[in-house]
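Summary of the model geometry
Next come the chains, spelled out residue by residue.
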Amino acid sequence: MLHIEDQNYFKRSIKIFIIAVSFFLLSFALSIMFSPSLETFKHISNQVPSSLDNAQGLDKLWNYILNNAIQVPFQMLILSLIPIPFLYFLNMISTTVITGIVFGFAIHFDFNKGIIMIVSSIPHSIIEILAMCFVISGLYKTNQTIIRKISNLFRKSKKQNFSFKLALSNLLKIYLLIALPLYILAAILETYFTDFIYNLFT
């Protein structure tokens, strides 16, 4: 296995995961309390890529991988190159908040089916969010190197620069060795396991 030269990436990933779970629980609790409207739910549903609407089997699996494991991390990478701290957290925040709202709406719409939907969806949701947190952990150092280099331009007393090349190398390793396998596992669960469990109990 390639060596990741960032001793804190795992602890940082877990901290980010705790933040993600907090956003999810908060949005879920608020949805339970205030019951989002049907229009809100439809608007959220429209955020799902059209390629996933009617896809089945391997085609659906590939579309999940393409969207969640490639397009979303690439968007996060682009945001991390902007010298603004934590901008790349937006994808994770929107994902957890939307998931919490959808789960809350499901409970209000039909309690029994809502519970089944949540139980069947929780495994892939947790793994997907965890994968996203590992990516964010790598992006943190990448973004930090850019901010440090730019801020040093305006400082009389320069702070030590971080290696952008090393940060990018670590990010690539984290993505390929940890995040991508988790994304693929989440896609497999979302394609096959979620529907199986839901249909089993409905």
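Look up a bit, the structure's there.
Read on for a plain summary of the structure. (Residues numbered from 1 in each chain as written. Predicted model: local features only at pLDDT ≥ 70, side-chain atom pairs only at ≥ 80, totals over all residues. Heavy atoms only, no water.)

Here the focus is the overall build of the protein. Counting secondary structure elements, the protein contains 6 helices and 0 strands. For the protein, the N- to C-terminal ordering of α and β elements is α-α-α-α-α-α. Looking at the protein as a whole, 41% of its 202 residues qualify as buried. Considering only contacts within the protein whose residues lie at least 6 apart along the sequence, 80% involve residues at least 24 apart. Total accessible area on the protein is roughly 11,700 Å²; 69% of this is exposed by carbon and sulfur atoms. (Helix = DSSP H or I, 4+ residues; strand = E, 2+ residues; numbered from the N terminus. Buried < 20%, exposed > 50% of the residue type's maximum accessible area, 1.4 Å probe, protein only. Contact = heavy atoms within 4.5 Å. Areas by Shrake-Rupley, 256 points an atom, 1.4 Å probe, with all protein chains shown as cover.)

This next bit is on the nonpolar core. Counting residues in each nonpolar core, the largest one holds 33 residues, and the members touching the most others are M76, M92, M132, F134, V135, I136 and Y183. The element contributing the most residues to this core is helix α6 (residues 164-201), with 10 residues. Apart from residues lying up to four places away in sequence, M132 is in contact with V72, M76, N91, M92, T95 and Y183. Grouped together as the second largest cluster of nonpolar side chains are 5 residues, F24, V102, I107 and I118 included. (Core = buried A, V, L, I, M, F, W, Y, C linked by side-chain atoms within 4.5 Å.)

It is worth spelling out the pattern of salt bridges at this point. Any two side chains of opposite charge can pair, on the condition that their charged atoms come close. Within this structure, the stated rule accounts for 2 salt bridges. Put simply, R12 and D6 hold a salt bridge, and the shortest N to O gap is 2.5 Å. We classify R12 as buried; its relative accessible area is 14%. (Salt bridge = Lys/Arg side-chain N within 4 Å of Asp/Glu carboxyl O.)

Moving on, we come to unusual backbone geometry. Phi is positive for F86, which is not a glycine, with a value near 65 degrees. Structurally, F86 is set in the loop between α3 (57-80) and α4 (90-109). Residue F86 is classed as partly exposed on the basis of its relative accessible area of 46%.

Together, L26, L30, M33 and F34 line one region of the surface with nonpolar side chains, adding up to about 450 Å² of accessible area. For F34, the location among the structural elements is in helix α1 (residues 9-34). The exposed category is assigned to F34, whose relative accessible area is 60%. (Patch = residues over 30% accessible without salt bridge, like charges linked within 9 Å, V, L, I, M, F, W, Y side chains within 5 Å.)

With that out of the way, let us pick up the layout of surface pockets. The computed volume of the second largest pocket comes to approximately 170 Å³. In terms of lining residues, the second largest pocket is bounded by P73, F74, L77, V135, L139, L168, L171, L172 and Y175. In terms of residue class, the lining of the second largest pocket is made up of 9 nonpolar, no polar and no charged. (1 Å grid on protein atoms, 1.4 Å probe; cavity = no way out; pocket = protein on both sides within 12 Å on 5 of 7 lines; lining within 4 Å. Points joined across faces, edges and corners; volume = space filled by probe spheres on them. Nonpolar A, V, L, I, M, F, W, Y, C, P; charged D, E, K, R; others polar.)

The next subject is the packing of aromatic side chains. The final tally for this structure, using the stated rule, is 8 aromatic pairs. An angle of 50 degrees between the planes, with centres 6.5 Å apart, marks the rings of Y9 and F134 as tilted. In this pair, Y9 sits in helix α1 while F134 sits in helix α5 (residues 111-152), placing the two residues 125 residues apart along the sequence. Aromatic side chains F105 and F109 sit 6.0 Å apart centroid to centroid with 15 degrees between the ring planes, which places their arrangement in the stacked category. Taken together, the residues F105 and F109, both in helix α4 and 4 residues apart, mark about one turn of the helix. (Phe/Tyr/Trp six-rings, centres within 6.5 Å; stacked < 30°, edge-to-face > 60°.)

This part covers the side chain of S120. Along the polypeptide, S120 turns up in helix α5. Side-chain polar atoms of S120 contact the backbone oxygen of M117, separated by 2.9 Å. For S120, the residues in contact, after removing those within four places along its chain, are F193, T194, I197 and Y198. (Polar contact = N/O pair within 3.5 Å; in protein donor to acceptor, adjacent residues only side chain to side chain.)

Compared with an ideal rise of 1.5 Å per residue, which puts 26 residues at 38 Å, α1 spans 37 Å between its outermost C-alpha atoms and is within 8% of the ideal. Residues of α1 that are buried: Y9, R12, S13, I16, F17, A20, F24, S27 and S31. If you follow the buried residues of α1, they end up packed against α4, α5 and α6. (Expected span 1.5 Å × (residues − 1).)

For N199, the location among the structural elements is in helix α6. The sequence separation of N199 and M117 amounts to 82 residues, and the corresponding C-alpha distance is 9.7 Å.

Read these as geometric descriptors, not functional statements.
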